[in-house]
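Structural overview for review
What follows is the residue order along each chain.
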Amino acid sequence: MNLLVLDIGGSSIKIAVMDEKHTIITRDKVKTPMDGMDALFTCLDDIWKRYGSQVEGLAISMPGVIDSAHGFAYTGGALRYLENRPFAKELSERYHIPVWIGNDAKCAAIAEVGYGALQGVEDAIVIILGTGIGGCLIKDGKVHNGKHFSSGEVSSLHMNVHHPIGETYNWWRISGILGLREIAQRYLETDEELSGEAFFQLVNEENEKAIVALKEYATSLAVALFNIQAIYDGEVIAIGGGISAQPKLIEEVKAAFTQIAKNEPVYVPEIVPCAFRNDANLIGAYYQYQNMKLSDE
């Protein structure tokens, strides 16, 4: 069964036609419209004209608080115009096919459950490092959505009791890409806006200042992960996003977590990189669509 799978992000829409082995047959990308639903529907209509005849269904990964069971978007993240919409129903009626929608971080997490680093794991914590920090709790091998579908919104964790209001000390600001860049700039004594790739090149070249910066960044990750683990008691913590491919990051997070957990009654889980990175949202959306169809049969 071939599906059209879309990963709608704040800057672009990734497009894939995928088969039952989650192999991407066709791949494309277009700019995400930011000026309202009419523009988005026009964009999606164009995508459907190009690929609709090849597929039997549509699966979508997108930002926001999503009720996947009913196809309802309560929020759309940066895409404010997607708030409070029965989005799956609208698309199903428009294109006359079954449609599944889901939160992007939860799609990335379930890709690991279905095909990646979390196969056979019942309870896990997944974080996706990017501009923000996506999060997901896996319970009994399934996504835990929460009563109001906002479980795993870890970007909003407050990390400073002296400044609890505003986003300055939210976890996404401290440990997302901006946070990593600011730590690197401070230790390297530069105003250059280093990319993650450029920073880790310095780390891998054994630059002492970069290594100290990485240790501070890894500790900021480990503190929040420890707090989540103390509440949830997962078997595995999986870290995704582009920089999760860096072995030294995973190594330093493990070391910091172990040190924080020393003499604490908290289980130290296995900490692993996610198997899927740029295609994780697409793969997870396909996996969830398959499960939706199986449950309907």
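Read on for an overview of the structure. Computed from a prediction, not measured in an experiment: that's the story for all the values here.

The rules we used
Once a new chain begins, its residue numbering starts again from 1 and follows that chain's sequence as written. Restriction of local features to residues with pLDDT of at least 70 applies here, the model being predicted, together with a cutoff of 80 or more for giving and counting side-chain atom pairs; totals for whole chains, interfaces and linings are based on all residues. Derived side-chain values reflect all non-hydrogen atoms in the structure, with water molecules and hydrogen atoms excluded from consideration. Exposed residues in this analysis have more than 50% of their type's maximum accessible area, buried residues have under 20%, and partly exposed residues fall in between, with area computed by a 1.4 Å probe over protein chains only. Only runs of H or I of at least four residues qualify as helices and only runs of E of at least two qualify as strands under DSSP, and these elements are numbered from the N terminus. Each pair of strands is called paired provided DSSP finds at least two bridges between the two strands. Only the stretch in contact is used when fitting a helix axis, every axis being a line fitted to C-alpha atoms; angles between N-to-C directions are given from 0 to 180 degrees. By definition in these notes, contact holds between two residues if any of their heavy atoms fall within 4.5 Å. In protein, a polar contact means a hydrogen-donor-capable atom and an acceptor-capable atom, both N or O and within 3.5 Å, with residues adjacent in sequence counting only if both atoms are side-chain atoms; elsewhere, any N or O pair within 3.5 Å suffices. In this description, the arc belongs to the directions extending from the helix axis to the C-beta atoms. What we call a nonpolar core is a set of buried Ala, Val, Leu, Ile, Met, Phe, Trp, Tyr and Cys residues that are connected through their side-chain atoms within 4.5 Å. Salt bridges, as used here, are contacts in which a Lys or Arg side-chain nitrogen is within 4 Å of a carboxyl oxygen on Asp or Glu.

1. Structural notes on the pairing of strand β4 (residues 58-62)
Where burial is concerned, most of β4 is hidden: five out of the five residues are buried. Here β4 shows a buried face lined by Leu-58, Ile-60 and Met-62 and a second buried face lined by Ala-59 and Ser-61. Bridging between strand β1 (residues 3-8) and β4 involves four bridges; their strand directions are parallel. Considered in β4, the bridge of Leu-6 is made with Ile-60. Pairing between β4 and strand β7 (residues 99-103): five bridges, direction parallel. Counterpart to Leu-58 in the pairing with β7 is Val-99.

2. Re the sheet that holds strand β8 (residues 124-129)
The strand order β10-β9-β8-β11-β12 describes an open sheet built from five strands, whose pairing is mixed. Edge positions in the open sheet fall to β10 (142-144) and β12 (270-273), since each of these has one partner strand only. Neighbouring strand axes in the sheet, compared pairwise and without regard to direction, differ in orientation by 30° on average. Taken together, the three bridges between strand β9 (residues 133-139) and β10 define a ladder with antiparallel strand orientation. Pairing of Lys-139 across the sheet is with Lys-142, part of β10. Sitting on the sheet, helix α3 (residues 104-115) is in contact with β8, β9 and β10, with an inclination near 45° to β9. Running over the sheet, helix α8 (residues 247-261) touches β8, β11 (236-240) and β12 and is turned about 165° from β12.

3. A closer look at the sheet that holds β4
Two orientations exist for strands paired in a sheet by backbone hydrogen bonds: parallel and antiparallel. Across the sheet, which stays open at both edges, the five strands sit in the order β3-β2-β1-β4-β7 with mixed pairing between neighbours. Sheet topology places β3 (24-31) and β7 at the edges, where each strand pairs with a single neighbour. For this sheet, the mean angle separating the axes of adjacent strands, direction not counted, is 15°. Here α3 sits on the sheet and contacts β4 and β7; the angle it forms with β7, its principal contact strand, is near 100°.

4. Some remarks on the side chain of Thr-32
One can find Thr-32 in the loop between β3 and α1 (37-51). The class for Thr-32 is buried, based on a relative accessible area of 3%. A distance of 3.0 Å separates the side chain of Thr-32 from the backbone nitrogen of Ser-12, its partner in a polar contact. There is a polar contact of 3.4 Å between the side chain of Thr-32 and the backbone nitrogen of Ile-13.

5. Comments concerning helix α2 (residues 87-95)
Those residues of α2 that sit buried are Phe-87, Ala-88, Leu-91 and Tyr-95. Axial view of α2: buried residues confined to an arc of 95°, hence all on one face. Residues Lys-89 and Glu-93 are exposed on α2 and point more than 90 degrees away from its buried face. Buried-residue contacts for α2 involve β1, α1, β4 and β7. Count one or two residues on from α2 and you reach His-96, which has phi positive near 60°.

6. Re the nonpolar core
Within the largest apolar cluster, 38 residues are counted, with the highest numbers of intra-cluster contacts made by Ile-127, Leu-129, Trp-171, Phe-199, Ile-239 and Leu-249. At the level of secondary structure, the elements contributing two or more residues to this core comprise β8, β9, α5 (177-188), α6 (196-204), α7 (208-232), β11 and α8. Those residues in contact with Ile-239, other than ones at most four positions away along the chain, are Ile-127, Leu-129, Leu-225, Ser-244, Ile-250, Val-253, Ile-271, Val-272, Pro-273 and Cys-274. Of all hydrophobic cores here, the second largest spans 30 residues; its members include Val-17, Met-37, Phe-41 and Ile-66.

7. A closer look at the pattern of salt bridges
The final tally for this structure, using the stated rule, is 13 salt bridges. The partner of Lys-209 in a salt bridge is Glu-189, with the nearest N and O atoms 2.9 Å apart. Of this pair, Lys-209 sits in helix α7 while Glu-189 sits in the loop between α5 and α6; the two residues are 20 residues apart in sequence, bridging distant segments of the chain. Residue classification places Glu-189 among the exposed positions, given a relative accessible area of 63%. Among the charged side chains, a network of salt bridges with common partners joins Asp-28, Asp-46 and Arg-50.

Just geometry here; none of it tells us what the structure is for.
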